[in-house]
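# Architecture at a glance
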Amino acid sequence: MTRLNWGMIGGGEGSQIGPAHRLGAQADGNFVLAAGALDHDAEKGRDYAMRLGVVADRAYGDWHEMLAGEKAREDRVDLVTVATPNSTHFEITKAFLEGGFNVLCEKPMTMTVEEGEEIVKVAARSGKICAVNYCYSAYPMVREMREMVRTGQVGKVRLIVTNFSHGHHGDATDADNPRVRWRYDPAMAGVSGQFADCGIHALHMASFIAGDQVRELSADFASTIPSRELEDDAMVNFRLEGGTVGRLWTSSVAIGRQHGFDIQVFGETGGMRWASEQPNQVYYTPVGGRTQIIEKGEGGLSDEAARMSRVAIAHPEGFPLAVANIYVDLAASIRGESPDGLPTAEDGLRSMAAVHQAVKSAQAKGAWVDARPPMYR
């Protein structure tokens, strides 16, 4: 199997997300890092790319240079990952799609709903893949939960309760740290802080497992550290198209919580729970029965859960391998297959619409609003 050429924009030395992408993309031998514009400082970016094994003439100073350079090559990259600050996602993703490249964009895909709709249209016109890194949906046991819903093992889903809450931005004396501050700066993060950063992972997960889309929501935002313009805590109630009730809490000031992403699904005939800090297990309770622990790697799991599992039972599979599963499905898609579950530009658009409508709801003291993008209403 010939490896695909992969390029990365952003995610340079010291970045939070860059290592997960580099580990994930290359974990299965599907991709080789062939090009990169890894840092806003051109020389630092070139130097780091070459230290990672990129040849000098493909270690670019910025994404404009990379786009021009790769378009001129016969061995151009097959996939570009955009892992830059939020405010740059739209421009870079659009340019590379229009240049004929497949793109994986970090979330949020865009800053506005209008930009999101434009990306969906550009991807359709170009015929290229535009995926969004909702990588938590690629954990094996999350795929198992989705299959359990599909096959009726919990009956019709009545209620979903989810949260993504941590305390790593809870120290007010650290509020001016550049790695923290930008997340609450509208010029860098957009209209929303914590909900756009972490909450949309939980919202996407609810839709992904239920196999349904968010129709309406009601939100309450709080900036618990006064210097922050954008919220660091949010509570969002939502309804799916099929009537499922949803409750979502997301926070960055929940001191004592480390990662704090979990989801509970309650149906007519059973319930189940998954947590990212114990990703190998799903706790399943049939109505009137005992709680069972379903373990990654054991016999009798769905084909999707088995396909996404990498290591033997009882060995943990963590975040980089969930990212790797996104790249597995991207490689399959580039090679002409149709894997199930790859998050696309449509998912990115729906998330951005939910963010903007949640802001609108919070400003209206929790009024219920239509959470769908205009093009899907």
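Shown above is the structure to which this text applies.
Quick summary incoming for the structure in this document. (Residues numbered from 1 in each chain as written. Predicted model: local features only at pLDDT ≥ 70, side-chain atom pairs only at ≥ 80, totals over all residues. Heavy atoms only, no water.)

With that out of the way, let us pick up the overall build of the protein chain. Counting its secondary structure elements, the protein chain contains 12 helices and 14 strands. Scaling as 2.2 N^0.38, a compact globule of 377 residues should have a C-alpha radius of gyration of about 21 Å, and the protein chain matches this with 20 Å. When the backbone C-alpha atoms are referred to their principal axes, the protein chain occupies close to 65 × 50 × 40 Å. Burial status across the protein chain gives 55% buried among its 377 residues. A sequence separation of at least 24 residues applies to 68% of the contacts in the protein chain between residues at least 6 apart. Surface summary for the protein chain: the accessible area is close to 15,500 Å², and the carbon and sulfur share equals 50%. (Helix = DSSP H or I, 4+ residues; strand = E, 2+ residues; numbered from the N terminus. Rg over C-alpha atoms; globule rule 2.2 N^0.38 Å. Buried < 20%, exposed > 50% of the residue type's maximum accessible area, 1.4 Å probe, protein only. Contact = heavy atoms within 4.5 Å. Areas by Shrake-Rupley, 256 points an atom, 1.4 Å probe, with all protein chains shown as cover.)

Strand order in the open sheet formed by five strands is β2-β1-β3-β4-β5, and the pairing between neighbours is parallel. The open sheet is flanked by β2 (31-37) and β5 (130-132), the only strands paired with a single partner. Shown here is a sheet whose adjacent strand axes are inclined to one another by a mean of 25°, direction ignored. Inspection of the sheet shows strand β3 (residues 79-83) paired to strand β4 (residues 102-105) by four bridges, in the parallel sense. (Pairing = 2+ DSSP bridges. Axes fitted to C-alpha atoms, helices over the stretch in contact; angles between N-to-C directions.)

Take helix α9 (residues 194-210) next. With 17 residues, α9 extends 23 Å from end C-alpha to end C-alpha; this agrees with the ideal 24 Å at 1.5 Å per step. Of all the bends in α9, the greatest, near 40°, is centred on I200. Most of α9 sits out of view: 17 of its 17 residues are buried. At the exit of α9 stands G211, carrying a positive phi of roughly 65°. (Expected span 1.5 Å × (residues − 1). Bend = angle between axes of the 7 residues up to and from the residue.)

What follows concerns the sheet that holds strand β13 (residues 292-295). One open sheet holds the nine strands; their spatial order is β13-β12-β11-β10-β6-β9-β8-β7-β14, and the pairing between them is mixed. Two strands bound the open sheet, and with one partner strand each, they are β13 and β14 (369-370). Across seven bridges, the pairing between strand β6 (residues 157-165) and strand β10 (residues 261-267) is antiparallel. Each bridged residue has a counterpart across the sheet, and for L159 the counterpart in β10 is F266. On the sheet, α9 packs against β6, β7 (214-222), β8 (233-240), β9 (245-251), β10 and β11 (270-275) and is oriented at approximately 150° with respect to β9.

Here T244 lies in the loop between β8 and β9. The exposure class of T244 is buried, given its relative accessible area of 5%. Among the polar contacts made by the side chain of T244, one reaches the main-chain carbonyl oxygen of V157 at a distance of 2.8 Å. Ignoring any residue separated from it by four or fewer positions in sequence, one finds T244 in contact with V157, R158, L159, I160, F238 and R239. (Polar contact = N/O pair within 3.5 Å; in protein donor to acceptor, adjacent residues only side chain to side chain.)

For any pair of aromatic rings, the description rests on two quantities: the centre-to-centre distance and the angle between the ring planes. The final tally for this structure, using the stated rule, is 12 aromatic pairs. When the ring of F195 is compared with that of F221, the centres are 6.2 Å apart and the planes differ by 50°; the resulting orientation is tilted. Of this pair, F195 sits in helix α9 while F221 sits in strand β7, placing them 26 residues apart in sequence. Like F221, F195 is buried. The interplanar angle of 90° and the centroid separation of 6.1 Å between the aromatic rings of F261 and W274 together place this pair among those described as edge-to-face. (Phe/Tyr/Trp six-rings, centres within 6.5 Å; stacked < 30°, edge-to-face > 60°.)

In this section: the packing of α9 against helix α12 (residues 345-363). Running from N to C, α9 and α12 point in directions that differ by 120°, and their axes come no closer than 10 Å. Taken together, α9 and α12 sit at an angle that is classed as oblique. The way α9 lies across α12 gives a crossing that is right-handed. The segment α9 lies against α12, with F195, A196, I200, L203 and H204 engaging D347, S351, A354, V355 and A358. (Parallel < 35°, antiparallel > 145°, perpendicular 65-115°, else oblique. Left-handed = near helix turned anticlockwise from the far one by under 90°.)

This part covers unusual backbone geometry. Cis geometry marks the peptide bond from K107 to P108; its omega dihedral reads -10°. With respect to the helices and strands, P108 occurs in the loop between β4 and α5 (113-126).

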